[in-house]
Structures are given as C-alpha cells and as structure tokens.
Amino acid sequence: MEGCDGGGSLISPVTEHFSNLSVGGDEESSAEEQRTEKDPRKIARKYQADLCKIALEENIIVYLETGGGKTHIAVLLMHEMRHLIKKPLKEICVFLAPTVPLVQQQAKVIQDDTDFKVGAYCGGSKRLKSHQDWEKEMEEYEVFVMTPQILLRNLCHCFIRMDSIALLIFDECHYAQLDSNHPYAEIMKVFYKLDRTKLPRIFGMTASPKLGKGSSIRTLESLLHAKVHYVEDRKELEKFVASPKFKIYYYSRAVNSSSCPLEIYLRKLKDIKHQCLSTLSRKTIDHGSLKNMKKMLQRLHDNLIFCLENLGLLGAFQACKILMRGDRSERNELIGAEENGGDDSLCNRYILQAASVFDGICTKVNSSSIRVDGVEADLSHNEALGEPLFSRKLLLLIDVLSTFRLQPNMKCIVFVNRIVIARALSYLIQTIKILSSWKSDFLVGVHSELRSMSRKTMHSILEKFRSGELNLLVATKVGEEGLDIQTCCLVIRFDLPETVSSFIQSRGRARMPQSEYAFLVDRGNPKEMYLVEKFEKDEEKMNDEIASERSHVEIVDFNETIYKVASTGATVSSGYSVLLLHHYCSKLPHDEYFHPKPEFFNFDDEQGTFCRLILPSNAAIHEITSSPQSSSEAAKKDACLKACKELHKLGALSEFLLPGQDDANEELVQDFSDSDSCDDETSRQELHEMLVPAALKEPWTDAEAPVCLHFYFINFSPKPVDRIYVKFGLFVKAPLPVEAERMELKLCLPRGRLVMTELVPSGVVKFDRDEILQAQNFQEMFLKVILDRSELIHDFASLGKNGFGDSSTSTFYLLLPVFLHESEKTLSVDWMLIKRCLSSPIFTTQEEAQVGVFPHLSSHLELANGPHNINDVINSLVYVPCKDRFFFISDVVAEENGYSLLKGSTNHIEHYIKVFGIHLLYPDQPLLKAKQLFCLDNLLRKRGNSELREKEEHFIELPPEICQLKIIGFSKDIGSSLSLLPSIMHRLESLLVAIELKDRLSASFPEGAKVTAHRVLEALTTEKCNEQFSLERLEVLGDAFLKFAVGRHLFLLHDTLDEGQLTRKRSKLVNNSNLFKLATKGKLQAYIRDQPFDPSQFFALGRPCSVLCSRETETAIHCSQGDSEKNVVDTEVRCNKSHQWLHKKTVADVVEALVGAFIVDSGFKAATAFLQWIGIQVDFQASLVSNICSASAIFLPLTARVDIAALETLLGYRFHHKGLLLQAFIHPSFSAHLGGCYQRLEFLGDAVLDYLITSYLFSVYPELKPGQLTDLRSLSVNNNSFANIAVHHSFHNFILCDSSSLCTSMDKYADFIGAVASQNVSREGPSCPKALGDLVESSIGAILLDAGFDLNCVWKIMLAFVDPVMSFSKLQLNPVRELQELSQFYGWDLKFVSQKKGGTFLVEAKVKGEDVCATTSSSNISRKAARRKAAGKLFGILKAQGYRTKTKPLEEVLKSSRKMEAKLIGYDEAAIDVTAPDAIPLHNLNLHEDSRSLCDAKVHPISEEPKKISPSSIRSTRHPHHSQDLQSNSTIGDSSDLDTETGSSCNKSARSLLYEICAENCWKPSFECCNETGPGHLKEFTFKVSLNIEEASEEIEVFGGPRLRKKDAAEEAAEGALWYLKNSGHLHN
C-alpha cells in the first residue's frame, strides 16, 4: 500500500522488529518472547496470524464474522508492536470501542492475554480533567481502551496528541462513515493528517464494512487510510465459525377498515392526543416548553401506536404501565426522547387516558385466564389468542417460540428496535403459560437513568443467560455487537434490522451448529419484503466488492473546517463544536430553574440554509448566525464553530478550548450508546476548608522599615475586680472593619466571674526592624508559655529560628503589652517589659547569662540554675523540675524559710526529702510566693447561670533552690491577660469572617446591607460550638420563611398543579440536600463555625500549625473523623488549611439561619434577595396574583349554597373576590361544580400560617431555647390545632362536600371539643378529621390572595384565630416522641405492633424494663392516628406511676419564661392591588376588527374545509399611502415588525421567519403554487400557505397575491400567514 498506508515513519521500525508469528505455539521464538509470561501467539489461528502480519506492514481493516476472533488479531498486533509501546517508551496503543460495556470487555481481554498495563476509560470511569492527570496516566499505562468520544475530546484539547499514539485500533470500525458525526470519523478527518511526520498504525475490525444506506467500502477505506482484508480460505474459517440457517416467517396484518378493532383503538389514541394538545395554553407556556411538550407527546403517541400495531392491546396496555411507573428520565429513555427538563403533565395525562382505554378491554378478558399483572395467560384457549389482545405478529412469534421450546439447551435472542417494545414483550412472554419453558428477560442499553438497566443489571442478566438460568433475551441493538453474549441456537428479528450491518451483526449471534436466524415479515408490506431481499443482495455485493478491491487505497486528505489555537494546538472541528458548545453552556451558572443550553433555529433563503444559534443569557455571546449552507445540519455546525471561535476570543474558552472552570467531577461527553448514572451515595460528612479573614492575613516583610501597624487597645473590665490584668494591644497591618474595630465580648470564667472586653482603635504604631523582631519574639515566647511550655523545660530555648514568614502561618498580628502615659493619656508598647522578658537566661547563652552575676550576695537568691537577683525572681516565671510544673513568682516571703512548717509538724526540709528525695542546700533562704501557671481554657463556651462571686488566687510557697528561673518579668498579671487573649482572637476571627460574608452578600444585593455582622455570625455558629449563641433560633425562623416564600412562588407559577405536586416540588427545593448543593455552589461552607474553640489548637504568628495539609495528605490527616458514621470527637485535627468536617445538614441549617438573619435585621426583601442570590427563585409577578383572584369568579355560581356574609363575619374579613372564599370551603369530594377545591389554597395557607406562628413565638419568647421553640411550633402548626380553631369558629357548618361520613365525623369531633371545654368528658375522644384543619389553612390562603399578600392584614386575623391555641394550657407533644424519650431515659424496650382488621388498624404499644411492663392498644382507620393514641395512653399510665425524664416539661418552661409583645417579623413588602380587574373574562370582551380585516372568514374544524384567507388587504399594506391607516387599525405589518416581536436580530424574509416560527411551535407549513395567469413573458404566480395548528384543531390556508416571480409570490403568502397568526392570537411575545 504504497504511500497511503498511514503508518508514516512507523513502517520501518515495525518491519525491523517483526518476529515470526508462531501459530499454535511454534518453538521458533526469540529469547525475549520466551521470557514473556503471556504469549497470545500460542493460541492464534492461522488466518489470525496471517492477517496480523499484513497489519504490521500497512493499515488494514479486518472483515470477519462475529466469532471469528477479530479481537485476538488486535492482541497479536499489540504483542508484535510491543517494542514501540512498552515502558519506559512514551508512545501508547489506543483501542477504541464504541460502547461502555465493550470498553470494559475488551480491556479485560487485553489484560488477560498480554502483559501490558491496561487502562479503561469511559463515561463511568475515573474522571481525568487536567493535562497533568492524563500525563500521569500515560506514564503508567501502555494500552488505553476507551470510547471514541473520550479520545476525540483528548485530541481536541491536547490531553493526548496523535503523534504519541503508536497503534490506533478501531473496534466496530464500520461506524467511521464519511458524512457521519461519529467520533471515529471526526478523529480521522481532523487529526490523521498525511502531512505529519509521525502517524499511528491503523487497525480496524468489523463484521460488516458497510453500515447502511449511503455507506461504501471505498469511503471507509479512504477515511481510515486502510485496506479491507478478509479470510479468503472460507473452509478454514468455517472450522471455527458456523453459519445459521436463514428462515422467514410470514404473517398478514388485519385488513384496515373503520370497524376493525385496531383502527378503533388507533382513532381513540389519536383523539386523546388531540384532546391533550387542545389544553395547551400559549399564554403561560413559552415557545421552548410548548415545542418540547408537543415533541414529547408526539413521541409518546408514536410509541404507543407502534406497540399497539406490533403487540396488540395487551402489549400496548403493558407499555402504558411501564411508562407510568418511570420518572421523566426513564420515560424519555423508553421512547427515545431527549431530556428537556420541561413539564411532563401533558404526557402523564395522555398515558393515563390511554391506559384507561386499554384497561377496559383487558379487564373484560379476565374470565379467559388472561391477566395483565403477573398472572399467566392460559393460551390453550383459542379465544384468548385472538385479536385485538394480541397482534398477528406477536401470535406468530408465540408460535415460533412454542415450536422450539422443548428442544434441549435451547437459547434464543429476540431482537427489537425499541426499548419499550423490549420491556413489554419480555413481560408478555413471561406471563404466557404455553411459553413457560422460556425464562426471559430484556436487554437494553445502559444509557440513562433507566432503573431497570444499570451496568450491574446488564452483567447480571448476561451471566444468567450464560449459566442457563435465562434462555431467552429480548434485546435492542445493544445485543447485536460487541457484548460477550453466549452463542444462541435461535435468533429472531421481531423488528427487521435497519441496516445491512445490523442484519449481519444480529445474525452473528446464532453461531451454534444447526442454529436458525429468523425474520418475522409482513407479507402485505412491500417495504419489508424488499428489505429482506436487499440485505442478502447487499451482503453479497459487499463481499464481491471486497474480493475485487484495488491493491491500493485512494489517498484522500480531508479538509475539515476547523478552528485551531495557535499557541496550544487545541482544535475544534465543526462536528465537535456542537458538543463543545453544549458543554460550555452546561458550565454556565445554573440552578433548578435554569438549565442553560443553546437553541437552534433554521431558516431558508435564496442563498441556502441558515442556522440562528441562541445562547443562554449569561453566556459571553448571545446570538450567532451561520453562513449559508446546503443543509440544516451543516448550518448548525457552522454556527457552533463560529460560536466556539468567538467564545475563545472573548476568553470564555481557555487556550485549550475548555470552559474557564471545567468541573473535575463531570464528564464532558456522554457515550453514544451507553452511560451510567453514577449517583453514588456520598458520605454524611465532607471536608471543607475554613476561611481565614483577610484582615488578619496581610503580612509584613523583613524589608519594610518601618512597619506601620494599626493598634487596637484591648480593654479588660473584670466583674468582680479580683484580678489585675496587664494592658495588651492588638497590632495588625490592615485596619479592622468598622463593625469589628470596637468588638465587645463577654468572657465567662469559673464561679460565674466575667471579664468584659472591648477593642479600642488607638491609631497607627511604627516599628523599626529591631522592634518588630522583638515583638515577634515576645509573641512566640508567650505562646510557648501558655501552649507549648514543655519547650521551656530545657536550659536554652531559641526564638525566631523558623522565621515568621513561614507558609504554614495563616495569620499575621501581634499581641503586645502596652502601658498608659498618665501625662499624655496615650498608650504605647511596653518595650521595657518586652526587653526584660527577652533578656531572660533561657533565651541567652550560658556565658551571657553569667555576666554580672555575683553569688552569695544578700540581694541574690540561689536557684536551681544559679544565683539570681531577687528583683529578677519576683514577677518571673520559674520551672520546678521535681513537680514538673511552672509557677509565677509574685513575691519573696521573708519570714518563711526551709525550716518553716509546711503541713502540721513537717517542715519544708523534711517534706522535700520525703516526697522528692531532695536535700535543701540553702534552707535559710526565704521562700517564694508562687502561683501555678494556668491551663488555657475556652472562655467562650456556655456556662451555667452560677452566682457571680470572687475567687481568691491560690498561692503556695516554694524553696528557691528547687526553682529554675525561666522568664524574668513575666508576672501572674501578664498571665491573667494571656489567659483571655486566645478566646478574644478566636471570636475576632469569627466576627471578621462574618463581616466578609456580609460584605460579599451586600455587594451582591443591596437589600441585605442592614444586616449586622453579629447577626450573620450568629447564623454561622452551630450549637456544636457551645457558645453563648447559635444559629438554631434563626434557623427555625428562616425555615418557616423559606417554606412560605418558595410555596408562594410555586403556587403562583404553577397554577395547574395540585397540592401534592406543589408539596413535592417545594420539598425538592427546600430539602437539606438541595440547600447543601446551593450553599456549596456559593461557597458558604467556608464561613461556617462548627467546632468549639480548642485553645491547644490556637495558632498565630510565632506558633504556626505543624500539621501541613495538601491534597495528597488531607485524607490521611483527617480520615479518622470523616470515616466515622457516629459523632466525631469534640476536637478535630487542625491543619494549616483549616479543614473541618461538616455534615450536609449543618450546611443546610446555615442557609436557613442566614435567611432568618436577613429577616430579623433587614426584612423580607433582603431575605428574598439572598434566596435569589443562592439560587432559589421566590419572586413573582403581581399580575399572577390578580389573574388567580379574577379566575376565582368561576366559583361564584355556588354563592347560593354558602352564607357568605356570615362566613366573612366569622373570619373578620370582607372579600373583594368572593370566589376565593367559596373555593376555600369546597372539599375535594364536592361534585356539584365543574372543578376546583380548597387544596391549593390549603397549601398556600399552611405555608403562611407556619411563618406567622413562628414569628409570633420567636418574638413572644425571646429566651426560649431553639429546641423548645421548635416543639412549640410543632404544637401550634398542626392539623389538630387548626381543627380546634375551625370548630371554635364553626367553619365545618359551611363546608361544601358530598361525603356524609365526613360531615358526621366533623360533627362528632366538634361535639367532643365542646364537651372537653366544659370539662364533662375525658381527653380520649374521636379522631380529628383532617378537613377541619384544612379549612383554617385554606381560609387563610384565600385571605392572603384577596389581600394582595398583605401580611399585616393576615397577621391580625391570625392573632384572632390562634389566641385560644396560644394559651398552651394543656400542652402535649407528640405522644410517640414523648414515649420514645421516656423509654430511652429509663432504658426500656419499646415496641409498636400493628395489624389491620377490615378497614381499621389496631396498634399495640408495649414497654418492658427491669421494673416496668405495660401495654395499651388503640384502633383507627389511620395507622398513624392509632399509633399516636396508643402511645398517648401508655405515656399517661407511666406518667401517673411517677416516671419522668429530667427534662423540664415545656408547660413549666413557658410559665417561667419572659413574654414580650407579639410582632410580625421582617414584613416589608408592598401589598398588591387586586381590586383592579387585570384579567377580564373572555366572554365580556368586545372584539373590534378593522373593516379590511380578513378574520371574518369562517373557522372550520379539522373535518371541514380549512380556513382560507384572501390576499386583498394583505397587498394594501405594501403601499406607502396606507401608512396613516395602519397606525390606527389592526392590520398586517411587514415582517420586520414580527422580527422585533419574536426577538430576532436577523433581517430575514417573511418565509424564513414563518418557517422559524412553525419550527418553534411544531407546526408544519407547506407552500404551493396554486395559480398561474397571464402570457408567458408576463406570467404571474399565486402561492398559498397551508398550516396545521394541531393543538387548536385548526387548519388554515393563506393565499398571496399574484406576483411576477415565484419567490415574491411565496413571500406574499408567507406575510399573510404571519399576519393571521399574529392577529388570531397564535403568536405571542
């Protein structure tokens, strides 16, 4: 293959190192090969070895049937080229497989058969995102098995370069088609360039070189730069590969007629589809959603029609059930639709109605032993085997399978083309009794999120098939190629293959001797008859073409349109640009409501087809229009390539053409056929880095002279004044924020003592080099004293040896002693004290320490480390080795010495001999008054409310000679101050972090500027910190507001969803998982304080953290806490990165607490802005409220049934929209109205009541603990409490319902409540009907809407409502919880046993312990209610026996709690005016039309003639003299007007615009020249446009005027169609 083998410079080295292939283990192997542990040549067949030899010389494509051993030839080729790819060489072999299962399968084969280091890469593999990641992989592995998408991505972004690949293998290489978008084709066309000096050897493998229509062997060879080779000796091949017998089974479809059962059901499905389409409202659905819903509905309809035609009624019904069971993603997979994230309510409605149609007939045949839900059908009865239950095609399949069912070791694969057919057919086969010998399952691709087919499930099914546990698979295309499926005896094509390749591949599954390859063919379908013949002819033609191949491959260098970055070589082709653009959009900021993706609109012009690309609003560019192209696909690619080029120029794509912040946890590509949903359950905790405040991070350098530091005096005010505190100051490079510069802090000391501290800004202090060094050394010294005192035990301790610019130092500040100049009233650094301390012997050499010391003088004392001046000893720090303790020396006790009594009759001399074995040498020396050095404590933690009292300092007396002098001048008063400083700095650091977050949020939304930093700090501090405050009270308030705000938003936005759907939607938005995701997206976790202050882990300048953390070491350092499922130890390992373990719930709680903080300090607007910032949309349009209020007029016909005036009096509110009040009292059972009930209002009312009552409790009980506040809220906001309110206001007398039992239950409960109030009965009574509480919630919801969301109005009504409830006279928490807590406290065993009898649940509650055994029971129609009742009874019995927990009852807590005035917290919104009728009912509108309007034409239903619109007035708009009239009349404007309305920025023709609009709405326009008039040279043409608007059941025809050119005539008709669509309401902005 001269000059076109594609091997480049590889040919020579391959030939030089070529070794003779040893078939069957030939002994003529080289010494090197003999040393190879695995030698694939030993098991090679002769034809495999022959083809491998050819592959070593040139690029080839091996054409072999399935089972011929193509993969082993590739393994042989790798083995022979190992001298090029074995390490330490840098070149690699890349083996491409088109599906994920194939990647895993082929990687295992190569691993088993060779000694190569093999890496497998696919969608579910380890994510490798950076160039460094791939470089490491290439250093480690030699063979890379991957999907082509991954290689294409790596080549485009230069993760892997083509010249680093020595051998490139294409499995199933027939996908490499010239005009396809398959990555195989992209790889070769873009990156395999013949002008390069080094190219890889190409080896392709296929069982069918031709993929389908339009493909050819010549183009495949040209694209892969390789020649097709096959085994010419067929006899040798047949020794290993058997050919099945090909057989066709014919059936005939039923004759189509209007009375045919199939036609009847087809019409019913079509009618259901039209009904669903007619419900679409273009006013509330945007174009994109409308289009997606129509597409989804059509796809769903087509699949059900297909199931009905191919399987019959039972199959279609089963398909409906399968579609109903799955979620949206699963449904999309089943019907082959794209994920669009739109509303699927329309599809749900269609499926439910279709299922009900099929259900009717399927239930009728139960008597014939056919059941749809798992019970087999007894097909021995002929009446059960007929149409329409089974299609004739399915009956033929049953007949074929029943024929083969008794043959031994029989295995079969039935191939279908659709997933839903596979699942439904598999189910039917399992349920048919006559086929009971067939054990079947289905096999489909693992795309998706199909719950029923994960990779694990697929492997399990295949394993069962191999073992014989299953003997029949219903498979889609995934079973045709590549997968290691056990050889079968019978392969049936239920659906015919779509290509010759599919024909050959599926046939290859029947490889057993005497196997059969069967087709089910419709005799009356000429297309199917033709296909069968064509497949055989195409295969024969293909084989002839290969046999007559030329000796050389035509050299073609494909000139693909690309964009290449010169600096890196990163390249994007027009084909790959579509994928890259989608990837770029997916990386844009998004949330639950916003899924950024590009939109494409095609339109035709005389120059060709254009594509208008619309990008998301937050993209760097918004719109791109392609150059004119020959097809819509080419136009789309051109637009995407242009967009990628522009995005790179703007910096939105990096130099490697990657999005700026590519997520390392997501895969860029999804494999064409397979991808797993890897939703692995993450651990309960995650490791996060805490933020270090910027104000404390700014360093100074040694080069600075002087160093200017901001000075903040730390004022200590002890209560009581029982200590002296040396004055200290804080010195920082950057000024502290205003909210921190005067920070006040209360420090809690033992015995109720307090020290109030305050920062006082005191100007700027300059330090020269010596001073800054001394200051740093002093700080290092006192940090050693209070935290690392063991370092001071030795005779000498160095300061500053590690330098102060260490990378492990995260904060830069100084804490120094200061003194007050009495005369000047100013503060200065106490340099005398600092220098005196630093001059201590421990910090100087021994020689320096002895200078000037004269022993045995009266002014000196003899210490353990020599004689020292008495003045140096007093107010110093000493170390006593025998006690291993440090002491402050406060004075010399002149009147006491070694002979003085210590305890009783023992003096000091005797004591030290006895206890320590020390003989005092200088017993005459006076003793030292000493105070032991303190252990640093957390002074921020909560302490009990102990009485404030003084604590005397504790001193002891020490002989001087047992003391070693350590630090001169370091007095106990300094120690007193130092004991406070770490706690102060910890609080300051936390406050600064809160200020940073506050500033960040205020910059994002100005509404939040009023929130204080201390409130933010409260919201960031968890209860685990054990400080005086925590986030929990704010969290309770924020949680209630979040529920209300999101609920209100969803209520208004989704006016068609019921209460359950709204509740589920809200839960999805406000649950901890979502809040955690949003918070971490906003990086809020870095600000959270979740650990109590641990003084031992206090790090500052002079004491850097010794635990250095990196990505490589963080797991080992922090793993002990993160791996534990239980609560971690109180103190985590502190590293230099400030990592902490955070529970996901903790992060979510902080979000809710921050909402509460904004509400308390700023109001609703700020809280709403914060939610908007974090990604939860809660805003709404005022018009939505007006629309809902106006729409409530549909309930006004019920006015006569309700005494509205009396009801308004009870509520204390007069309604503007009486319909809302009526709706609030309509129970779902009420059937005397066309629809609607109180449940949506109940959803809204529940949310607002939750917030209002929480606000009440939050304001009235400011000192209540968070847990108690939560308990109180749960007691107040529950159905029973609201039911009592409803009874109190007699709401149950106004309810509209058709359930007599509900009315009876409400009356019984109302009577019981009245009796309880009069103390005539015990507490046990009838169960509370939920509807009673619902009425209160729905009433409040109705008032809220009618008042325009005026919460002040609702607040007043709520106070009147809940006043009886808020007395809390007879509080009872959830009895189940109370009983559980009591049982836990005493260690009892608690059990609930329930059983159902009839329609009633009987629940037995039982506790058993050492000294107690009690049982009660209760019954109710609700299991939950029965459980509560039984628990309440048992708790009452145990309480009467005197069993109590230590927890103070909530009722007692409330009696002793201070109560404040009730306040509505945070409400600052303006009420919406809903009295103005924004939405006028349609029947009240007077429609005026211009006399020239064409809308008076009759509108025909679909069955009638289509609407025709004449051209006269359309033409008039083209004349200038009508411009005045056009300004005042509703007539047509030219197409530019419509361009503006539809948001187009392109100056396009009316025809193009019409096509674009129709594409958006899934309408199908057609243009036709309907008339030609005039002589040949003056001929005029008239065009008409036909348009089918399916959702409106409307067909229209618009005629243009005669024009001399056809193009102008078509344009005229298009303008008329646009005018009609606009004026008839079909177009909207």
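Preceding this section is the structure that the text describes.
Residues numbered from 1 in each chain as written. Predicted model: local features only at pLDDT ≥ 70, side-chain atom pairs only at ≥ 80, totals over all residues. Heavy atoms only, no water.

A.B. asks: Can you tell me about the pairing of strand E21 (residues 728-732), naming the residues and giving the values?
C.D. replies: Across the five residues of E21, five count as buried, placing the element largely inside the fold. Burial along E21 is two-sided: the face carrying Phe728, Leu730 and Val732 and the face carrying Gly729 and Phe731 are both buried. In this structure, strand E20 (residues 707-719) lies alongside E21, joined through five bridges in antiparallel fashion. Bridged to phenylalanine 713 within E21 is glycine 729. (Buried < 20%, exposed > 50% of the residue type's maximum accessible area, 1.4 Å probe, protein only. Helix = DSSP H or I, 4+ residues; strand = E, 2+ residues; numbered from the N terminus. Pairing = 2+ DSSP bridges.)

A.B. asks: Mind laying out the packing of helix H20 (residues 500-507) against helix H21 (residues 526-547), listing which residues take part and the relevant values?
C.D. replies: It is the contact of H20 with H21, at a shortest axis distance of 9 Å, that shows an interaxial angle of 90°. What the angle tells us is that H20 and H21 run roughly perpendicular. Contact residues: Val500, Phe503, Ile504 and Arg507 in H20; Phe535, Glu536, Asp538, Glu539 and Met542 in H21. Taken together, the residues of the contact of H20 with H21 sort by class into five nonpolar, no polar and four charged. (Axes fitted to C-alpha atoms, helices over the stretch in contact; angles between N-to-C directions. Parallel < 35°, antiparallel > 145°, perpendicular 65-115°, else oblique. Contact = heavy atoms within 4.5 Å. Nonpolar A, V, L, I, M, F, W, Y, C, P; charged D, E, K, R; others polar.)

A.B. asks: Which residues make up the environment of isoleucine 984, and what values go with them?
C.D. replies: In this fold, isoleucine 984 is placed in helix H30 (residues 981-1004). Note: C-alpha distance between isoleucine 984 and glutamate 744 (240 residues apart in sequence) is 9.5 Å. Every residue in contact with isoleucine 984, bar those within four places of it in the chain, is listed here: Ile714, Phe716, Met743, Leu745, Leu747 and Thr757.

A.B. asks: Before we move on, can you summarise the sheet that holds strand E22 (residues 744-748) with the specific residues and values?
C.D. replies: With antiparallel pairing, the six strands of this open sheet are ordered in space as E22-E23-E20-E21-E24-E25. Because the sheet does not close on itself, it has two edges, and the strands there are E22 and strand E25 (826-829). Across this sheet, the average inter-strand angle for adjacent strands is 40°, counted without regard to direction. Contacts from H30 reach E20, E21, E22, strand E23 (754-767) and strand E24 (813-821), with the element oriented near 135° to E22.

A.B. asks: Any chance you could break down the pattern of salt bridges for me, citing the residues and the numbers?
C.D. replies: With the rule as written, the count across this model stands at 41 salt bridges. Between aspartate 973 and lysine 972 there is a salt bridge; the shortest N-O distance is 3.1 Å. The closest approach of N and O atoms between glutamate 1568 and lysine 1584, which form a salt bridge, is 3.8 Å. Taken together, the positions of glutamate 1568 in strand E40 (residues 1564-1573) and lysine 1584 in strand E41 (residues 1580-1589) put the pair 16 residues apart, joining distant regions of the chain. The class for glutamate 1568 is partly exposed, based on a relative accessible area of 41%. Connected via shared salt-bridge partners are Lys1043, Arg1066, Asp1246 and Asp1250. (Salt bridge = Lys/Arg side-chain N within 4 Å of Asp/Glu carboxyl O.)

A.B. asks: Hey, could you go over the nonpolar core for me, with residue numbers and the actual values?
C.D. replies: Ranked by size, the top nonpolar core spans 213 residues in total, and within it Leu736, Phe767, Phe970, Tyr1251 and Leu1345 carry the most contacts. Here the element with the most residues in this core is helix H41 (residues 1239-1260); it accounts for 13 residues. Residues contacting phenylalanine 970, with those up to four places away along its chain left out, are Met781, Phe782, Val785, Cys837, Asn875, Ser876, Leu877, Phe888 and Leu978. Counting residues in hydrophobic clusters, the runner-up holds 96 residues, among them Phe503, Phe535, Ala635 and Cys640. (Core = buried A, V, L, I, M, F, W, Y, C linked by side-chain atoms within 4.5 Å.)

A.B. asks: Go over the sheet that holds strand E29 (residues 885-893) with me, naming the residues and quoting the values.
C.D. replies: Adjacent strands of a sheet pair through backbone hydrogen bonds, lying either parallel or antiparallel. Pairing in this open sheet of five strands is antiparallel, and the strands run E33-E32-E29-E28-E34 from one edge to the other. Each edge of the open sheet carries a strand with a single partner, namely strand E33 (956-958) and strand E34 (964-967). In this sheet, adjacent strand axes meet at a mean angle of 50° when their direction is disregarded. Here strand E32 (residues 927-932) pairs with E33 via three bridges, running antiparallel. By the bridge assignment for E33, alanine 930 is matched with isoleucine 956.

A.B. asks: Report on a negative patch on the surface, specifying residues and quantitative values.
C.D. replies: Residues Glu533, Glu536, Glu540 and Asp544 make up a contiguous surface patch of negative charge. Residue position: glutamate 536 is located in helix H21. (Patch = residues over 30% accessible without salt bridge, like charges linked within 9 Å, V, L, I, M, F, W, Y side chains within 5 Å. Areas by Shrake-Rupley, 256 points an atom, 1.4 Å probe, with all protein chains shown as cover. Lys, Arg positive; Asp, Glu negative; His and termini not counted. Charge placed at Lys NZ, Arg CZ, Asp CG, Glu CD.)

A.B. asks: How would you sum up the environment of phenylalanine 1258? Please name residues and give values.
C.D. replies: Mapped onto the secondary structure, phenylalanine 1258 falls in helix H41. Once the C-alpha coordinates of phenylalanine 1258 and alanine 1462 are considered, the two residues, 204 residues apart in sequence, prove to be 8.4 Å apart. Apart from the residues lying within four places of it in its own chain, the contact partners of phenylalanine 1258 are Arg1033, Leu1034, Leu1037, Val1160, Leu1269 and Ile1465.

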